[in-house]
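Summary of structural features
One letter stands for each residue in the lines below.
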2 protein chains.
Amino acid sequence: MGSARIFNFAAGPSMLPEEVLQEAAAELSNYKGTGMSVMEMSHRSDVYARIFESVQTAFRRVMNIPNNYSVLFLQGGATLQFAMVPMNLIGKTGSADYAVTGSFSGKAAKEAEKYGKIHISASSEDKNFTYIPRQEDLEIFPNASYFHYCANNTIYGTEWNYVPETGEIPLVCDMSSNILSKPVDVSKYALIYAGAQKNMAPAGLTVVIIRNDLAGNAFPYTPIMMDYATMIKNDSMYNTPPCYNIYILGLVLNWVEKLGGLKALQKRNEEKAALLYECLEESQIFHPVAEKEARSNMNVTFRSDSPELDAMFVARAADAGFVNLKGHRSVGGMRASIYNAMPPEGVAALADFIRVFEQNILR
Amino acid sequence: MGSARIFNFAAGPSMLPEEVLQEAAAELSNYKGTGMSVMEMSHRSDVYARIFESVQTAFRRVMNIPNNYSVLFLQGGATLQFAMVPMNLIGKTGSADYAVTGSFSGKAAKEAEKYGKIHISASSEDKNFTYIPRQEDLEIFPNASYFHYCANNTIYGTEWNYVPETGEIPLVCDMSSNILSKPVDVSKYALIYAGAQKNMAPAGLTVVIIRNDLAGNAFPYTPIMMDYATMIKNDSMYNTPPCYNIYILGLVLNWVEKLGGLKALQKRNEEKAALLYECLEESQIFHPVAEKEARSNMNVTFRSDSPELDAMFVARAADAGFVNLKGHRSVGGMRASIYNAMPPEGVAALADFIRVFEQNILR
């Protein structure tokens, strides 16, 4: 099987570590002698309760999460959090601050307008989201219930290289596309959320890390499934959680710990990204899209000055086993998503392919 | 592997067909030569789009769904539908009718009270939900935006053996625990919803069948992920759907069609249930909990007159490979959930085990 696998640069859902897939396949029909698949287990059974608890514990250990935070395993993706966050948190003052640095943070701000007054603290739309605002350019309103930003912008290939200082204003962050890619000081945040399908597990699981004192202030019309207090109280099991996705997250966390944890992964991810960015800086036909200090270690956006050449590159790369490199339509060009599970060999091979492609073009 | 599997009578998540698990395991790491797992596929990729469309088409074919209905693949379980239904439908008149025949229909009615005036059209709580109200006992209010009921009550082991006649009032039904167990005349319904984890797929997928003209009337504060109109317009892909669960649903639908479709499954399920109910009627120590005409073909609740004897039965059954037979705490006794994937041999073996247990007790 190994050799038949290809390098998948999709922005999400995206690659999972090969050994995770092999382990999942081996015990899919019969989990550790229980006579059943994890997919078939009652979420209230002892055997599943042990899986659930071990995943939660591993997640806390890997992310180094303080005791006054809860880890929730929910559904609906980051997009449901766009509503769930304000439904629970904006009631305090009636307003919130949003930094808009890409498509998803823009959607988050728009969704939040249903629930209160939204102030755009910063936006990088003036340069098509190719940069991240500096700390000194963030307008923090003292009356905000929270400040929301998106740590990594999948579509534009930009990533915040600092944690915003917001004083007394609680910090809320969408980490969907860079969670588990590097250490995070969770204590700086009030709430972190992330869809699973980039660095954690198959689509259908949303992880929320919430400081416990923030729960309990939902609007009266908030669905019970969207009240953080309900989910904290019921340890994510008010109804049946996405059990199998949670189990896969556990396998991924084992893999993360085997590699040395988030510090080791950070080094690995920085090295992987550097391979590509260096290759692109040397290139005479391709160039990175994002400004240098805003470049993402997860999504590398690049292009030539010719859409035709870009299309040719994408097609030839796919033929060579590098798939899903076409950039999002709002950026054009190419995007190589190199999340945790993309092996360094995959990135090195892509860099080589770029060089050879270029030599053939310039010849 | 086959012989090591046990008979799992869990109420959900519950058994999946063994050949579905084997097929999923075989192609988990590399789906049909694509070099990647279905878990890793971009939901916008051609290969995943083909999977998605084939599952939707198969679901329409198996359930015989008219063209003016949409089939949606959502998240959040039936419990999120408890809010989503009124958020989208109750605005028409401001009120709705609910029949309360168990725990989940009670929770649905309670959740709906956040969004409008709820009228309880019927309740079987007076006899601890052991029966289903008759058509002539349903109070239908002409001003209701819809009438809601739950077709099968997992906890109490009762099932509606008729479709309520509600005249002009749109009919909304929670079919979480009996969908795909028998043919349904979808045209009688305005909206059907079901969590996947009993008869369809691993937990984390919710299927909604909605008549298209009902969408578009959501309250302004409805999260965009909970607006049926958004999901119809985006064919369930406003954000990343639970892709792998949908793929497993496809394998289950193939299995349903191989068995002959819903008519054949209905016969099989009736025969399976009859095996157990006949055994319990003959028993001198056990008896069914539900009234005869309300008995569920999916969840068979039964007990003796002694909680100690029930506990002994559950323990001995588990030792013999019949697991998860303990009844819900609100009913006590035992519950054998015998959804589609429970093979007739499993039910026959359980009936034999009951008889032998009884002989040993009465000896």
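Before any of the text, the structure's been laid out above.
The notes below deal with the structure included here. (Residues numbered from 1 in each chain as written. Chains lettered and ligands numbered in written order. Predicted model: local features only at pLDDT ≥ 70, side-chain atom pairs only at ≥ 80, totals over all residues. Heavy atoms only, no water.)

**As for the packing of aromatic side chains**
The geometry of an aromatic ring pair is captured by two quantities: the separation of the ring centres and the angle between the planes. Under the definition given, this model contains 46 aromatic pairs over all chains. Each ring, one from Tyr98(B) and one from Tyr146(B), has its centre 5.8 Å from the other, and the planes form 70 degrees; the classification is edge-to-face. With a gap of 48 residues between them, Tyr98(B) in strand β3 (residues 95-100) and Tyr146(B) in the loop between β4 (117-123) and β5 (147-150) connect regions that are remote in the sequence. For the pair Tyr98(B) and Tyr146(B), a shared accessibility class is recorded, and that class is buried. Aromatic rings pair up to connect Phe7(A), Phe9(A), Phe286(A), Phe302(A), Phe313(A), Phe322(A), Phe353(A) and Phe357(A) into one cluster. The residue whose ring lies beneath Lys107(B) is Tyr238(A), and the NZ or CZ to ring-centre distance is 5.0 Å. (Phe/Tyr/Trp six-rings, centres within 6.5 Å; stacked < 30°, edge-to-face > 60°. Helix = DSSP H or I, 4+ residues; strand = E, 2+ residues; numbered from the N terminus. Buried < 20%, exposed > 50% of the residue type's maximum accessible area, 1.4 Å probe, protein only. Lys NZ or Arg CZ within 6 Å of the ring centre and 35° of its normal.)

**Things to note about the relation of the copies chain A and chain B**
Between chain A and chain B, which share one sequence, the superposing operator has a rotation angle of 180 degrees and an axial displacement of 0.0 Å; the RMSD is 0.0 Å. The two molecules are tied by a two-fold rotation axis, judged by turn and shift. Scanning chain A for the C-alpha nearest the rotation axis identifies Ala25(A), at a separation of 2.4 Å. Both copies share a contact surface, since 100% of the interface residues of chain A are interface residues in chain B too. (Least-squares fit on C-alpha atoms with pLDDT ≥ 70 in both. Contact = heavy atoms within 4.5 Å.)

**Side note on the state of the cysteines**
All names here are of chain A. Overall, the coordinates contain 0 disulfides over all chains when judged by the stated rule. Of all cysteine sulfurs, the one in Cys 173 lies closest to Cys 150, which takes part in no disulfide; the gap is 6.8 Å. Assessed through its relative accessible area of 5%, Cys 150 is described here as buried. (Disulfide = S-S within 2.5 Å.)

**Quick notes on the interface of chain A and chain B**
At the interface, 60 residues of chain A touch 60 residues of chain B. Across the contact surface, chain A and chain B share 0 salt bridges. Summed over the shared surface of chain A and chain B, the result is 18 residue pairs in polar contact (both at pLDDT 80 or more). Secondary-structure elements contributing two or more residues to the side of chain A that touches chain B are α1 (18-26), α3 (77-89), α4 (103-112) and α6 (243-258) of chain A. With 5 residues, the single largest contributor to the side of chain A that touches chain B is α3(A). Here the residues of the side of chain A that touches chain B sort into 33 nonpolar, 22 polar and 5 charged. (Salt bridge = Lys/Arg side-chain N within 4 Å of Asp/Glu carboxyl O. Polar contact = N/O pair within 3.5 Å; in protein donor to acceptor, adjacent residues only side chain to side chain. Nonpolar A, V, L, I, M, F, W, Y, C, P; charged D, E, K, R; others polar.)

**Overview of the environment of Ile65(B)**
In this structure, Ile65(B) sits in the loop between α2 (46-63) and β2 (69-74). Aside from chain neighbours lying at most four places away, what touches Ile65(B) is Phe59(B), Arg60(B), Val71(B), Val186(B) and Ile209(B).

**Focus: the pairing of β3(B)**
All names here are of chain B. Extensive coverage of β3 is indicated by the burial of 6 of its 6 residues. Here 6 bridges tie β3 to β4, and the two strands are oriented parallel to one another. Across the sheet, the residue bridging to Ala 96 is Ile 118, located in β4. As defined by bridge partners, β3 adjoins β5 across 2 bridges and the pair is classed as parallel. Across the sheet, the residue bridging to Asp 97 is Phe 147, located in β5. (Pairing = 2+ DSSP bridges.)

**Focus: empty space enclosed by the protein**
In this approach a probe as big as a water molecule rolls over the atoms, and the regions it shows empty are the leftover space. Overall, the coordinates contain 10 cavities of 30 Å³ or more when judged by the stated rule. Within this model, the largest cavity holds a volume of roughly 110 Å³. Together, 15 residues line the largest cavity, and Leu74(A), Gln75(A), Met225(A), Met231(A) and Gly76(B) are the ones closest to its centre. When contributions to the lining of the largest cavity are tallied by element, the ones reaching two or more residues are β2 (69-74) and α3 of chain A. Residues that form the lining of the largest cavity fall into these classes: 10 nonpolar, 5 polar and no charged. In this model, the second largest cavity occupies a volume close to 80 Å³. As for the second largest cavity, its lining consists of Gly76(A), Leu80(A), Leu74(B), Gln75(B), Gly76(B), Leu80(B), Met84(B), Met225(B), Met226(B) and Met231(B). Partitioning the lining of the second largest cavity into residue classes produces 7 nonpolar, 3 polar and no charged. (1 Å grid on protein atoms, 1.4 Å probe; cavity = no way out; pocket = protein on both sides within 12 Å on 5 of 7 lines; lining within 4 Å. Points joined across faces, edges and corners; volume = space filled by probe spheres on them.)

**What to know about the sheet that holds β4(B)**
Residue and element names in this part refer to chain B. The strand order across the open sheet formed by 7 strands is β2-β10-β9-β8-β5-β3-β4, and the pairing between neighbours is mixed. A single partner strand is all that each edge strand has here, and the edge strands are β2 and β4. Sheet twist, expressed as the mean angle between neighbouring strand axes with direction ignored, is 20 degrees. Inspection of the sheet shows β5 paired to strand β8 (residues 171-174) by 4 bridges, in the parallel sense. (Axes fitted to C-alpha atoms, helices over the stretch in contact; angles between N-to-C directions.)

**Digging into the sheet that holds strand β12 (residues 299-303) of chain A**
All names here are of chain A. Spatially, 3 strands are ordered β11-β12-β14 in an open sheet, and the strand pairing comes out antiparallel. The sheet terminates laterally at β11 (287-288) and β14 (334-337), the two strands that pair on one side only. Sheet analysis places β11 next to β12, joined by 2 bridges and oriented antiparallel. By the bridge assignment for β12, Pro 288 is matched with Phe 302. In this fold helix α7 (residues 261-282) packs onto β11, β12 and β14, with an angle of close to 15 degrees to the strand it touches most, β12.

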